[in-house]
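As a plain string of letters, each chain reads:
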Amino acid sequence: MLNVLPKINGPVRVPLGNYEFPKTLVADLGGFEDYCLTAFSDRTGIPVQEADGAEQSPWLFLNKIEAEKAEEYHLTVGEEGITVEAASEEGVICALTTLYQLSDFNDADLCSMTDEPRWDVRGLQLDCARNYVSVEELKKILEQMSLCKLNVLQWKLTDDQAWRLEVLRAPKLQELSSGGKYYTRDDVKDVVAFAKTRGIEVIPQIDLPGHVTALLHAYPQYSCYNDKVELPDVGGLYAPILCAGYEGTYDFIDRLLEEITTLFPSKYFHVGGGVAVTEDWETCPVCKTKMEKENLSGTDELSGFFLSRVSDLLKKYDKTAVFYNDGLEAVNAPTSGAVQFRTLNFADSMLDYADDGHPYVYSDSFELHLDYPHSMIPLKRVYEIEPHIGKFVCQDDPNLQGVVAVVMTERVKDNGSLEQTLFPRLYAVAEVGWAGPGKDYEEFLTRLRPVMYKTRKRGCQCTPERWWDPKGARRRQDALSFYNSMTDGIPEDVLKQSRKAFRPTLEYRRQMAINFFRPTDLPAALGNLLPGSKK
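Residues numbered from 1 in each chain as written. Predicted model: local features only at pLDDT ≥ 70, side-chain atom pairs only at ≥ 80, totals over all residues. Heavy atoms only, no water.

### Quick look at empty space enclosed by the protein
Under the criterion given, the structure shown has 4 cavities of 30 Å³ or more. As for the second largest cavity, its lining consists of Glu71, Glu90, Ile93, Cys94, Thr97, Ser146, Lys149, Leu150, Asn151, Arg198 and Gly199. A total of 4 residues in the lining of the second largest cavity trace back to one element, the largest contributor, which is helix H2 (residues 89-102). When grouped by side-chain class, the residues that make up the lining of the second largest cavity number 3 nonpolar, 4 polar and 4 charged. (1 Å grid on protein atoms, 1.4 Å probe; cavity = no way out; pocket = protein on both sides within 12 Å on 5 of 7 lines; lining within 4 Å. Points joined across faces, edges and corners; volume = space filled by probe spheres on them. Helix = DSSP H or I, 4+ residues; strand = E, 2+ residues; numbered from the N terminus. Nonpolar A, V, L, I, M, F, W, Y, C, P; charged D, E, K, R; others polar.)

Structure (structure tokens):
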């Protein structure tokens with residue numbers, strides 16, 4: 001497992017000579033599909049030509065082999081040409097990405113190497129509901145993800161603030177709930193196809209049953225009381241929720257899923273399932289009738305019933321449901337899908353789920369929610385991540401599928417701030433996901449600096465190095481300013497219902513304090529909660 005950011009001089013390559021790239025990429029595909037050459041050709045400017053019938057002899061040889069991991073590869077740069085051995089197109093893409101990184105775009109040192117990722121899932125969850133991100137910007141981010149061998153984009157398309165996906169069967173969703181900015185079906189196909197050539201799987205995310213104000217703004221008949229709701233423009237947990245007792249709700253979801261699933265080849269489909277305000281379920285006569293009929297004792301059981309129904313609907317379309325670990329708090333929540341661990345607040349049910357042998361990915365909010373500033377989650381912390389759930393260190397757990405960084409965009413309003421949020425911390429996520437927790441931070445910085453220079457040359461804005469690991473008064477001021485602004489503009493009733501629904505435990509509050517702050521940052525009254533802090 002080599003590092004995803006290339007070493008300038010090191011064991012990645014042993015200079016034995018030099019191979020000069022011909023002007024045309026003539027390839028013997030060896031049974032692989034030709035799309036796996038697209039990114040390398042785009043990056044180098046070398047046109048692609050298949051060996052069959054070509055006037056020139058091939059100089060790139062692709063050979064299929066048996067391998068435990070799809071992205072495992074063996075790369076040989078010899079005097080007569082370049083050979084890639086892999087089990088899949090994704091493995092070929094990883095090999096050619098390494099070749100591109102180690103070349104000067106005209107030649108490469110003669111070398112031989114074998115490489116594979118530590119975890120199968122290494123990705124980014126990007127919220128494009130609260131802040132619309134253009135297709136062009138998405139492609140720019142996908143390109144940078146591919147260059148450091150991240151392989152999953154979890155594309156969050158809906159939330160309370162907007163519904164960003166065109167649905168032909170429910171046109172009011174995009175007409176009334178997108179603010180005029182949404183992704184057409186052709187946009188989705190374009191993004192998915194571009195990501196495929198970069199070895200990236202696109203997983204859609206449509207939040208259910210909460211975080212649905214935008215959906216109910218367009219179709220209020222699927223709420224408990226058919227009330228007209230307005231779109232919020234700030235964060236928080238909002239009360240509108242899908243009526244879990246009404247059968248028409250499931251018919252509507254089924255129609256949505258039948259159409260949306262055709263746009264995404266991934267076998268996974270994220271349905272959110274996170275913390276929601278369920279007070280309407282407690283008083284809704286239709287929900288009460290459903291609970292009596294199904295012998296459900298309360299809203300926690302109704303929540304499990306809802307998630308199970310949605311999971312079963314997805315199975316009709318050969319999709320596996322993914323939901324946040326919050327959803328495991330629901331009684332009889334489905335366990336046939338996969339879970340994204342993000343919050344310590346619901347750790348006990350997450351640990352039970354993992355102990356039973358179910359798959360999950362790691363997105364701990366104290367370490368991987370990159371919408372928090374560097375003053376709260378510095379680069380060094382991301383690089384040194386050792387996945388854990390409470391006191392359970394899970395980095396060697398066979399059920400752990402990988403790591404997914406998260407960017408929620410309530411406070412990310414433009415491309416520049418989004419890019420600075422991502423870079424360089426996303427490169428640290430890639431290193432953790434490919435090679436494991438970092439142990440030599442200074443060596444990583446040595447490799448990172450030239451990569452950042454290239455990233456800026458490609459038109460991406462990056463956080464300046466002086467802010468990668470801020471210290472002292474500058475860190476303290478920035479962290480406290482951000483923390484104090486998190487509730488700006490959120491109505492008091494929304495804040496109250498958000499706290500009630502999220503149920504922050506004392507341990508969660510303590511961990512938030514010691515992860516994001518120092519004892520000297522906070523009022524003396526909180527001192528008892530802070531026995532230590534991360535440096």
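Alright, that's what it looks like, and here's the rest.
### Re the sheet that holds strand E5 (residues 73-78)
Ordered in space as E3-E2-E4-E6-E5-E8, the 6 strands form an open sheet in which the pairing is mixed. The open sheet has two edge strands with one neighbour each: strand E3 (48-50) and strand E8 (111-115). Taking the axes of each pair of neighbouring strands and ignoring which way they run, one obtains an average angle of 20 degrees across the sheet. On top of the sheet, H2 reaches strand E4 (60-64), E5, strand E6 (81-86) and E8; it is set at about 40 degrees to E5, its chief contact. (Pairing = 2+ DSSP bridges. Axes fitted to C-alpha atoms, helices over the stretch in contact; angles between N-to-C directions. Contact = heavy atoms within 4.5 Å.)

### Things to note about the state of the cysteines
For the structure on display, the rule yields 0 disulfides. Take cysteine 36: it sits in no disulfide, and the sulfur closest to it among the cysteines is that of cysteine 94, at 11 Å. Residue cysteine 36 is classed as buried on the basis of its relative accessible area, which comes to 2%. Exposure remark for cysteine 94: the relative accessible area of 5% places this residue in the buried category. (Disulfide = S-S within 2.5 Å. Buried < 20%, exposed > 50% of the residue type's maximum accessible area, 1.4 Å probe, protein only.)

### Quick word on the nonpolar core
Ranked by size, the top nonpolar core spans 166 residues in total, and within it Trp59, Leu60, Leu124, Trp155 and Trp163 carry the most contacts. Residue contributions to this core peak at 8 residues, all from H2. Once residues lying within four places of it in the same chain are set aside, the contact partners of tryptophan 155 are Leu126, Cys128, Leu138, Tyr183, Val188, Val191, Val202, Ile203, Pro204, Gln205 and Phe264. Core analysis: the second largest hydrophobic core is formed by 5 residues, Val121, Val152, Ile203 and Val361 among them. (Core = buried A, V, L, I, M, F, W, Y, C linked by side-chain atoms within 4.5 Å.)

### Considering the sheet that holds strand E9 (residues 121-127)
Strands belonging to one sheet form pairs held by backbone hydrogen bonds; the direction of such a pair is parallel or antiparallel. Strand order in the closed barrel made by the 8 strands is E9-E10-E11-E12-E13-E14-E15-E18, with parallel pairing throughout. Adjacent strand axes in the sheet meet at a mean angle of 30 degrees when their direction is disregarded. Where E9 lies against strand E10 (residues 152-156), 5 bridges are found, and the strand directions are parallel. Across the sheet, residue glycine 123 finds its bridge partner in E10, namely valine 152. In this fold helix H10 (residues 299-316) packs onto strand E11 (201-208), strand E12 (268-272) and strand E13 (320-324), with an angle of close to 155 degrees to the strand it touches most, E12.

### Side note on the pairing of E12
E12 sits mainly inside the fold: 4 of its 5 residues count as buried. Both E12 and E13 contribute to a ladder of 3 bridges, which runs parallel. Note that in E13 the partner of phenylalanine 269 across the bridge is alanine 321.

### Topic: unusual backbone geometry
Note that the residue after leucine 208, namely proline 209, is joined by a cis bond; omega there is -10 degrees. When you line up the elements, proline 209 lands in the loop between E11 and helix H6 (213-218). Note the cis peptide between phenylalanine 423 and proline 424, where omega equals 20 degrees. The topology assignment puts proline 424 in the loop between helix H13 (415-422) and helix H14 (425-435). The backbone of histidine 211 sits at a positive phi, close to 60 degrees, despite the residue not being glycine. Examined against the element boundaries, histidine 211 turns out to sit in the loop between E11 and H6.

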